[in-house]
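Here's the letter readout for the chains.
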Amino acid sequence: MPKIVDHTARRQAIVDVVIRRIEREGLGGVSVRTVARDLRVSPSAVRHYFPTSDEMLASALTAVRLAQADGLPSPENPDSRWSIREAWEQALPLDARRRREAAVWLAAMTAPSSPGIRGVLEEANADLDHLCRVTVEDLGCPAEAVEPESKALRAFTDGLALNALAEPAGFTPEVVLDALDTYLARLKSAF
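Residues numbered from 1 in each chain as written. Predicted model: local features only at pLDDT ≥ 70, side-chain atom pairs only at ≥ 80, totals over all residues. Heavy atoms only, no water.

1. Some remarks on the overall build of the protein chain
Move 1: In terms of regular secondary structure, the protein chain is built from nine helices and zero strands.
Move 2: Counting from the amino terminus, the protein chain carries its helices and strands in the arrangement α-α-α-α-α-α-α-α-α.
Move 3: In the protein chain, which comprises 191 residues, the proportion classed as buried is 36%.
Move 4: In the protein chain, once contacts between residues fewer than 6 apart in sequence are set aside, the share between residues at least 24 apart is 62%.
Move 5: Accessible surface computed for the protein chain: about 10,700 Å², of which carbon and sulfur atoms make up 55%.
Move 6: Across the protein chain, the mean location of the 23 positive side-chain charges is 9 Å away from that of the 28 negative side-chain charges. (Helix = DSSP H or I, 4+ residues; strand = E, 2+ residues; numbered from the N terminus. Buried < 20%, exposed > 50% of the residue type's maximum accessible area, 1.4 Å probe, protein only. Contact = heavy atoms within 4.5 Å. Areas by Shrake-Rupley, 256 points an atom, 1.4 Å probe, with all protein chains shown as cover. Lys, Arg positive; Asp, Glu negative; His and termini not counted. Charge placed at Lys NZ, Arg CZ, Asp CG, Glu CD.)

Structure representation (structure tokens):
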């Protein structure tokens with residue numbers, strides 16, 4: 001009797017290992033060989049699903065991006081009015097899942113990458129840039145200041161995420177949210 005393989009589950013298992021490896025060791029810790037070893041399968045079994053390492057990494061980045069997006073109500077749905085604060089709570093590394101997502105994003109941002117990986121990163125960054133624009137517009141920012149204020153907010157929140165990953169004892173979820181609230185309150189009072 002032939003072995004029945006759940007291909008979707010197998011692909012997901014590979015992606016999960018890639019994400020865990022990136023979180024622990026950065027992109028340098030990910031290769032077909034290391035992923036295969038973690039899964040206790042042959043490298044050819046991994047290559048069956050992901051012929052190249054870049055495809056494997058791009059798939060992991062896409063999974064992280066989609067997981068983050070799943071945490072937010074759809075902005076296209078007029079019945080689901082979500083708050084800016086809720087969106088930032090999903091975007092910042094406040095728990096294990098979101099720290100993992102941020103670690104993967106940071107590793108990918110700081111490493112040379114292929115066009116496929118850059119494409120996924122560009123989509124994720126476009127989402128964050130959009131959140132920054134919506135935030136400053138919601139706070140009453142004048143139209144001529146939206147772009148520079150959005151960039152400043154992006155730099156601030158990227159710094160929060162980086163510090164939450166690098167120094168979790170000093171940048172606890174409470175500290176991160178307090179810093180965000182303080183920054184947004186100052187921004188709102190400036191308009």
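2. Here's the deal with helix α4 (residues 53-70)
Move 1: Between its terminal C-alpha atoms α4 stretches 26 Å, which fits the 26 Å expected from 18 residues at 1.5 Å a residue.
Move 2: Buried residues of α4: M56, L57, A58, S59, A60, L61 and V64, and no others.
Move 3: In this fold, the buried residues of α4 make contact with α1 (7-25), α2 (32-39), α3 (43-49), α6 (96-109) and α7 (115-138). (Expected span 1.5 Å × (residues − 1).)

3. Some words on the state of the cysteines
Move 1: All told, the structure shown has zero disulfides when counted by the stated rule.
Move 2: This cysteine, C132, is not joined by any disulfide, and C141 carries the nearest cysteine sulfur, 12 Å off.
Move 3: Classification of C141 as buried rests on a relative accessible area of 9%. (Disulfide = S-S within 2.5 Å.)

4. Re the layout of surface pockets
Move 1: Taken as a whole, the second largest pocket spans an internal volume of roughly 190 Å³.
Move 2: Lining the second largest pocket are Q12, D16, I19, R20, A63, V64, A67, R97, R100 and E101.
Move 3: Per-element accounting of the lining of the second largest pocket gives the leading share, four residues, to α1.
Move 4: Of the residues contributing to the lining of the second largest pocket, the split by class is four nonpolar, one polar and five charged. (1 Å grid on protein atoms, 1.4 Å probe; cavity = no way out; pocket = protein on both sides within 12 Å on 5 of 7 lines; lining within 4 Å. Points joined across faces, edges and corners; volume = space filled by probe spheres on them. Nonpolar A, V, L, I, M, F, W, Y, C, P; charged D, E, K, R; others polar.)

5. What to know about the side chain of T34
Move 1: Along the chain, T34 turns up in helix α2.
Move 2: For T34, the side chain forms a polar contact with the main-chain nitrogen of S31, separated by 3.0 Å.
Move 3: If we skip the residues at most four places from it in the chain, T34 touches R21 and G29. (Polar contact = N/O pair within 3.5 Å; in protein donor to acceptor, adjacent residues only side chain to side chain.)

6. Some thoughts on unusual backbone geometry
A negative phi angle characterises most non-glycine residues, just as the trans form characterises most peptide bonds.
Move 1: We note that R40 has phi near 60°; this positive angle belongs to a residue other than glycine.
Move 2: Positionally, R40 belongs in the loop between α2 and α3.

7. What about empty space enclosed by the protein?
Move 1: Throughout the structure, instances matching the rule amount to one cavity of 30 Å³ or more.
Move 2: Estimated volume of the largest cavity: approximately 270 Å³.
Move 3: Counting residues per element, the ones that place at least two in the lining of the largest cavity are α4, α5 (84-91), α6, α7 and α8 (146-166).
Move 4: Class assignment for the residues of the lining of the largest cavity results in 13 nonpolar, three polar and four charged.

8. Description of the packing of α5 against α7
Move 1: Viewed as axis vectors pointing N to C, α5 and α7 meet at an angle of 150°, and their least axial separation amounts to 11 Å. When the axes of α5 and α7 are compared, the pair comes out roughly antiparallel. When the axes of α5 and α7 are compared, the crossing they make is left-handed. Where α5 approaches α7, its residues I84, A87, W88 and A91 are matched on the opposing element by L128, L131, C132, V134, T135 and D138.
Move 2: When grouped by side-chain class, the residues that make up the contact of α5 with α7 number eight nonpolar, one polar and one charged. (Axes fitted to C-alpha atoms, helices over the stretch in contact; angles between N-to-C directions. Parallel < 35°, antiparallel > 145°, perpendicular 65-115°, else oblique. Left-handed = near helix turned anticlockwise from the far one by under 90°.)

9. Observations regarding the packing of α6 against α7
Move 1: In the contact formed by α6 and α7, the axes pass within 11 Å of each other and the chain directions differ by 120°. On the basis of the axis angle, α6 is oblique to α7. Considering only the axes of α6 and α7, their crossing is left-handed. In contact with W105, A108 and M109 of α6, α7 contributes L121, N125 and L128.
Move 2: Residue classes in the contact of α6 with α7 are distributed as five nonpolar, one polar and no charged.

By themselves, these are just geometric observations and shouldn't be taken as functional.
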